[in-house]
Amino acid sequence: MSTSARYDFDTVIDRRGTWCVQWDGVAERFGVDGLLPFTISDMDFETAPEVLSALRARLSHGVLGYTTWQHEDFLSAIGHWYATRYGTGIDTGRVVYGPSVLSQLSQLLQMWTAEGEGVVTHTPVYDGFRKAVTGLGRELRGVPLGDTASLERELARDDAKVLVLCSPHNPTGRVWTEAELRETASLARRYGVAVVCDEIHADFVHEGYTHVPYVRVAGDGRWAVITSASKSFNFPALTGSYGIIGDPADRAEYLRRMETAEGLASPAVLALTAHIAAYRSGGEWLDALRAYIAENLALVAERLNGAFPELAWEPPQAGYLAWIDLRPLGVDDEALQRVLIEREKVAIMPGEVYGAPGFVRLNVGCPRSKVLAGVSALVRALEG
């Protein structure tokens, strides 16, 4: 039996009525209820059976009191994942905990920047980054993806304090090479800019590409990695993320802020349970899921390029988000969204959300039947 045959990703699970943002919250963003959604980046799959089994076992204990994340079970599971998945040893004494990746980002920005100072990131930019940066009164400064000259120019500005690096990149799915990461780390050190590297999409790097953990290239500069198993194993509703902070004094300050100012000394015990099970026992399920997602992306390419060869669309290097450049078709973004919503009854994220008009972002982390429905609706809408 093949690995993929051991897991069922084709069965459609009804998520309506579960307070689900993607399904139950679609009207809030698109103004119409009942749309077939391909939006927020969670998946329509059950998490790994190994994770569910661990959660059930923990619940059967019955006592759900205050807990701690600073124990060997959790820390060694993270170390095991980095060692076996990425061939990279980490110092688990540098690990920190947080309720979410964006919460960690907010804390680090407050530690390392002051109001009005510059935070650099690549464009197009994940909207969560933009909200976190501007919501704190910092100035978001975008540089085009792959434009090293523009990156250096922005980092060299006197009030540039933090580079928010997304590795792999969201929304494009770009995987950074080790040489690119080393150059980025070197530039940040040269100009005294701290790096916050979000690696939450790292486990979804596709065949032919390799994720290089930032800890491998960071060096002596001020830096932090923020990530979580919740993206890979689809349990964001449990909350829970972790980070790795390079400087011991910065780590101590982060923990002080989280435990005192934020009152977050006790993590969600089910998030810890899920992380440990995922990192110790969930690798086979994740590999099967990655193969399934790759086939979903290939289906999108086949349908899109069959209808519009001029798009020459290629699947992303990582992730389950199909970032599609529609500019060769000269599409009117607002008109396209009207057709998608009013006629096709689907919700697909417009590129404008990420500062990139002319694009759409289609979430294919779902059963193949839903992917087919979504890409077919997009093709029909583009055909008029």
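Refer to the preceding data block for the structure.
Counting of residues starts from 1 at the beginning of each chain's written sequence and follows it residue by residue. Whole-chain, interface and lining totals are the exception, using all residues; otherwise, since this is a predicted model, local features are given only for residues with pLDDT of at least 70 and side-chain atom pairs are given and counted only at 80 or more. Calculated side-chain values reflect all of the structure's heavy atoms, with hydrogen atoms and water omitted.

Engineer: Give me the overall build of the protein chain: which residues, what numbers.
Structural biologist: Under the scheme used here, helices are H or I runs from DSSP no shorter than 4 residues and strands are E runs no shorter than 2 residues, and both carry numbers assigned from the N terminus. The helix and strand inventory of the protein chain stands at 14 helices and eleven strands. When we talk radius of gyration, it's over C-alpha atoms, and the globule rule is simply 2.2 Å times the number of residues to the 0.38. For the protein chain, whose C-alpha radius of gyration is 21 Å, the value lies close to the compact-globule estimate of 21 Å for 384 residues. Reported as C-alpha extents along the three principal axes, the dimensions of the protein chain are approximately 60 × 55 × 40 Å. Buried residues are those whose accessible area, probed at 1.4 Å on protein chains only, stays under 20% of the maximum for their type, while exposed residues exceed 50% and partly exposed ones sit between those limits. Going through the 384 residues of the protein chain one by one, you find that 53% of them count as buried. Contacts are assigned to residue pairs with any non-hydrogen atoms lying within 4.5 Å of each other. Excluding contacts between residues fewer than 6 apart, the proportion of contacts in the protein chain whose partners are at least 24 apart in sequence is 76%. Note on areas: Shrake-Rupley, 1.4 Å probe, and residue coverage restricted to the protein chains presented here. A total of about 16200 Å² of accessible surface is found on the protein chain, and carbon and sulfur atoms cover 50% of it. Positive charges come from Lys and Arg, negative ones from Asp and Glu, while His and the chain ends are left out of the count. Where a charge lies is defined by one atom per residue type: Lys uses NZ, Arg uses CZ, Asp uses CG and Glu uses CD. The positive charge centre, built from 36 side chains, and the negative charge centre, built from 49, are 2 Å apart in the protein chain.

Engineer: Just give me the short version of the environment of Thr-273, but keep the residues and values in it.
Structural biologist: On the secondary structure map, Thr-273 appears in helix 11 (residues 269–281). Put simply, Thr-273 and Arg-56 are 217 residues apart on the chain and 9.9 Å apart in space, counted from C-alpha to C-alpha. Not counting chain neighbours up to four residues away, the residues in contact with Thr-273 comprise Ala-54, Leu-55 and Arg-58.

Engineer: A description of the pattern of salt bridges should follow, citing residues and the corresponding values.
Structural biologist: The salt bridge criterion pairs a side-chain nitrogen of Lys or Arg with a carboxyl oxygen of Asp or Glu, the two atoms within 4 Å. Using the criterion set out here, one finds 22 salt bridges in the structure. Asp-42 is paired through a salt bridge with Arg-15; the nearest N and O atoms lie 2.9 Å apart. One end of the pair, Asp-42, is in the loop between strand 1 (36–38) and helix 3 (49–61); the other, Arg-15, is in the segment before helix 1 (21–24), and 27 residues separate them in sequence. The closest approach of N and O atoms between Arg-141 and Glu-139, which form a salt bridge, is 2.9 Å. Look at Glu-139 and you get partly exposed, because its relative accessible area is 36%. One salt-bridge network, held together by shared partners, links Arg-15, Asp-42, Asp-44 and Lys-370.

Engineer: Which residues make up the sheet that holds strand 10 (residues 346–350), and what values go with them?
Structural biologist: Strand order across the open sheet formed by four strands is 1-10-11-9, with mixed pairing between neighbours. The outermost strands of the open sheet, each flanked by one partner alone, are strand 1 and strand 9 (321–325). Taken over all neighbouring pairs, the strand axes of this sheet differ in orientation by 30° on average, direction set aside. The strands touched by helix 13 (residues 333–343) within the sheet are strand 10 and strand 11 (359–363), with strand 10 carrying the most contacts at an inclination of about 155°. Paired strands, in this sense, are two strands between which DSSP finds at least two bridges. Only the contacting stretch of a helix is used when fitting its axis, a line to C-alpha atoms as for every element, and angles between N-to-C directions run 0 to 180 degrees.

Engineer: Give a description of the nonpolar core that names residues and reports values.
Structural biologist: We call a set of buried Ala, Val, Leu, Ile, Met, Phe, Trp, Tyr and Cys residues a nonpolar core when their side-chain atoms join them within 4.5 Å. Residues Val-51, Leu-108, Tyr-214, Phe-233, Val-300, Leu-304 and Ile-324 are the most contacted members of the largest nonpolar core, which totals 111 residues. A per-element tally of this core places helix 12 (residues 283–307) first, with eleven residues. Once you skip the residues sitting within four places of it in the chain, Leu-108 turns out to touch Val-196, Ala-224, Ile-226, Ile-245 and Tyr-254. In terms of nonpolar packing, the next biggest core, distinct from the first, is built from eleven residues, Leu-35, Trp-323, Met-349 and Phe-359 among them.

Engineer: Break down the side chain of Asp-127 for me, with residues and values.
Structural biologist: Mapped onto the elements, Asp-127 comes out in helix 6 (residues 127–135). Residue Asp-127 is classed as buried on the basis of its relative accessible area, which comes to 8%. In this structure, Asp-127 is in contact with Arg-29, Val-353 and Tyr-354, ignoring residues within four places of it in sequence.

Engineer: Report on the sheet that holds strand 4 (residues 139–144), specifying residues and quantitative values.
Structural biologist: Read across the open sheet, the seven strands follow the order 2-8-7-6-5-3-4; overall the sheet is mixed. The sheet terminates laterally at strand 2 (95–98) and strand 4, the two strands that pair on one side only. Across the sheet, the mean angle separating the axes of adjacent strands is 25° when strand polarity is ignored. Across the sheet, helix 4 (residues 72–86) lies against strand 2, strand 7 (223–227) and strand 8 (241–245), angled at about 75° from strand 8, the strand it touches most. Docked against the sheet, helix 10 (residues 248–261) engages strand 2 and strand 8, running at close to 25° with respect to strand 2.

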